[in-house]
Amino acid sequence: MRIAIVGAAGRMGKALARLVHETPGVELSGGTEPPGAPAIGADVGEIAGLGHLGAAITADALELFKRSDGVLDFTAPDASVAHAGFAAEAGIVHVIGTTGFQQHHEDAIASAAQKTVIVKAGNMSLGVNLLAVMVKRAAAALGPEFDIEILEMHHRMKVDAPSGTALLLGQAAAEGRDIALADHSVRVRDGHTGARGKGDIGFATLRGGDVVGEHTVMFAGLGERVEFTHKASDRQIFARGAVTAARWGHGKAPGLYSMQDVLGL
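Residues numbered from 1 in each chain as written. Predicted model: local features only at pLDDT ≥ 70, side-chain atom pairs only at ≥ 80, totals over all residues. Heavy atoms only, no water.

## A short note on the pattern of salt bridges
A side chain with one charge may pair with a side chain of the opposite charge, provided their charged atoms come close.
Alright, step 1. One pass over the structure, following the stated rule, counts ten salt bridges.
Alright, step 2. Ionic pairing is found between Arg2 and Asp69, a salt bridge with its closest N-O pair at 3.1 Å. Within this pair, whereas Arg2 is found in strand β1 (residues 2-6), its partner Asp69 is found in the loop between α3 (61-65) and β4 (70-73), the two being separated by 67 residues in sequence.
Alright, step 3. Here Glu152 makes a salt bridge to Arg207, at a shortest N to O gap of 2.7 Å. Of this pair, Glu152 sits in strand β7 (residues 147-154) while Arg207 is found in strand β9 (residues 201-207), placing the two residues 55 residues apart along the sequence.
Alright, step 4. One continuous salt-bridge network, built from bridges that share partners, spans Asp147, Glu149, Arg189 and Arg196. (Salt bridge = Lys/Arg side-chain N within 4 Å of Asp/Glu carboxyl O. Helix = DSSP H or I, 4+ residues; strand = E, 2+ residues; numbered from the N terminus.)

As structure tokens, then:
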């Protein structure tokens, strides 16, 4: 399977390239960077410290996609929407690990998924997706007398908040309670807020250093508290999940899938 990487010169792009190179049965077809980027024309392998692999970085995503079987995308919402359109035109698997989407982005991706396989997840790791299943079950079992709070921390360079993973976990909790997350999500508390609303799902965001990703979901009841925590220490877990998703999607019917589909959760 020939896999392309968009944003190939970034931190995640390099991690993806290394993982693809190490995985039997897949090979790098090339990478992309925006027009005018310094890495245009360079070799993906050399950028990732793997040596020359004959997989060039280009600004022409569609041309690259047409000679690939799948693409891994951890970029930005507008870029991911454009890539989804190109993937649909080329008929290849599009794996999206980008976060920070607005509703119009989601709608455009869903439209592209009518023509090709798109696997989209706020987090690609096995541990986080298993955690989401556990959170959903705990939310249903513990009931509304347990308040739900989600705490997340990432490195200082992360630009969106709450993280895609925090929102994924919040959605799992909301589904467990059979409520709409949009109607019960509390993102900011400042000043005299009054008492906590019954059924609210709170989010708290921390940023600093080089933290890859830490998430804790708390169920706070009277006299007891249950916590589920996941800590990521290496971006390779996301890269590994993305490659697994691409291989899983190869040959599947067009549609919008999640990592829980990929992992059978």
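## Some points on helix α1 (residues 11-22)
Alright, step 1. Taking 1.5 Å of rise per residue, twelve residues should cover 16 Å, and α1 covers 17 Å from first to last C-alpha, within 8% of that figure.
Alright, step 2. Along α1, the residues classified as buried are Met12, Gly13, Ala15, Leu16, Ala17, Leu19 and Val20.
Alright, step 3. Looking at the buried residues of α1, the elements they touch are β1, β2 (27-32), α2 (44-47), β4 and α9 (236-249). (Expected span 1.5 Å × (residues − 1). Buried < 20%, exposed > 50% of the residue type's maximum accessible area, 1.4 Å probe, protein only. Contact = heavy atoms within 4.5 Å.)

## Re the layout of surface pockets
Alright, step 1. Taken as a whole, the largest pocket holds about 990 Å³ of empty space.
Alright, step 2. Along the wall of the largest pocket there are 34 residues; nearest its centre are Glu106, Lys120, Leu167, Leu168 and Gln171.
Alright, step 3. Where the lining of the largest pocket is concerned, the elements lending two or more residues are α5 (103-112), α6 (126-142), α7 (164-177), α8 (181-184), β12 (255-257) and α10 (259-263).
Alright, step 4. Looking at the lining of the largest pocket element by element, the count peaks at six residues for α7.
Alright, step 5. Here the residues of the lining of the largest pocket sort into 15 nonpolar, twelve polar and seven charged.
Alright, step 6. Of the voids in this model, the second largest pocket is the one considered here, and its volume is about 760 Å³.
Alright, step 7. Forming the walls of the second largest pocket are 33 residues, and the residues nearest its centre are Met12, Phe74, Thr99, His155 and Lys158.
Alright, step 8. For the lining of the second largest pocket, the secondary-structure elements that each account for two or more residues are α1, α7, β10 (213-220) and β11 (225-232).
Alright, step 9. If you tally residues by element for the lining of the second largest pocket, the top one is α1, at three residues. (1 Å grid on protein atoms, 1.4 Å probe; cavity = no way out; pocket = protein on both sides within 12 Å on 5 of 7 lines; lining within 4 Å. Points joined across faces, edges and corners; volume = space filled by probe spheres on them. Nonpolar A, V, L, I, M, F, W, Y, C, P; charged D, E, K, R; others polar.)

## Thoughts on the sheet that holds β11
Alright, step 1. Strands sit in the order β8-β9-β7-β10-β11 across an open sheet of five strands; the sheet is mixed. Every other strand in the sheet has two partners, leaving β8 (185-186) and β11 as the edge strands with one partner each.
Alright, step 2. As paired elements, β8 and β9 share two bridges and run parallel to each other. Its bridge partner lying in β9, Val186 is registered against Gly202.
Alright, step 3. Packed onto the sheet, α6 meets β7, β10 and β11 and runs at close to 170° relative to β11. (Pairing = 2+ DSSP bridges. Axes fitted to C-alpha atoms, helices over the stretch in contact; angles between N-to-C directions.)

## So, the sheet that holds β12
Across a sheet, paired strands are connected by hydrogen bonds in the backbone, their directions being either parallel or antiparallel.
Alright, step 1. With parallel pairing, the seven strands of this open sheet are ordered in space as β3-β2-β1-β4-β5-β6-β12. If you trace the sheet from one side to the other, it starts and ends with β3 (57-58) and β12, each paired once.
Alright, step 2. The sheet contact formed by β1 and β4 spans four bridges and is parallel. Note on β4: the bridge partner recorded for Ala4 is Val71.
Alright, step 3. Most of the contacts of α1 go to β1, to which it runs at about 170°, and overall it touches β1, β2 and β4.
Alright, step 4. Each of β1, β4, β5 (93-96), β6 (117-120) and β12 is contacted by α9, which is oriented at about 155° to β5, the strand it contacts most.

## Describing unusual backbone geometry
Alright, step 1. Cis geometry is adopted by the peptide bond preceding Pro162, which originates at Ala161 and carries an omega value of -10°.
Alright, step 2. Mapped onto the secondary structure, Pro162 falls in the loop between β7 and α7.
Alright, step 3. Of note, the phi angle at Asp178 is positive, near 60°, even though the residue is not glycine.

Such coordinate-based values are descriptive only and should not be taken to indicate function.
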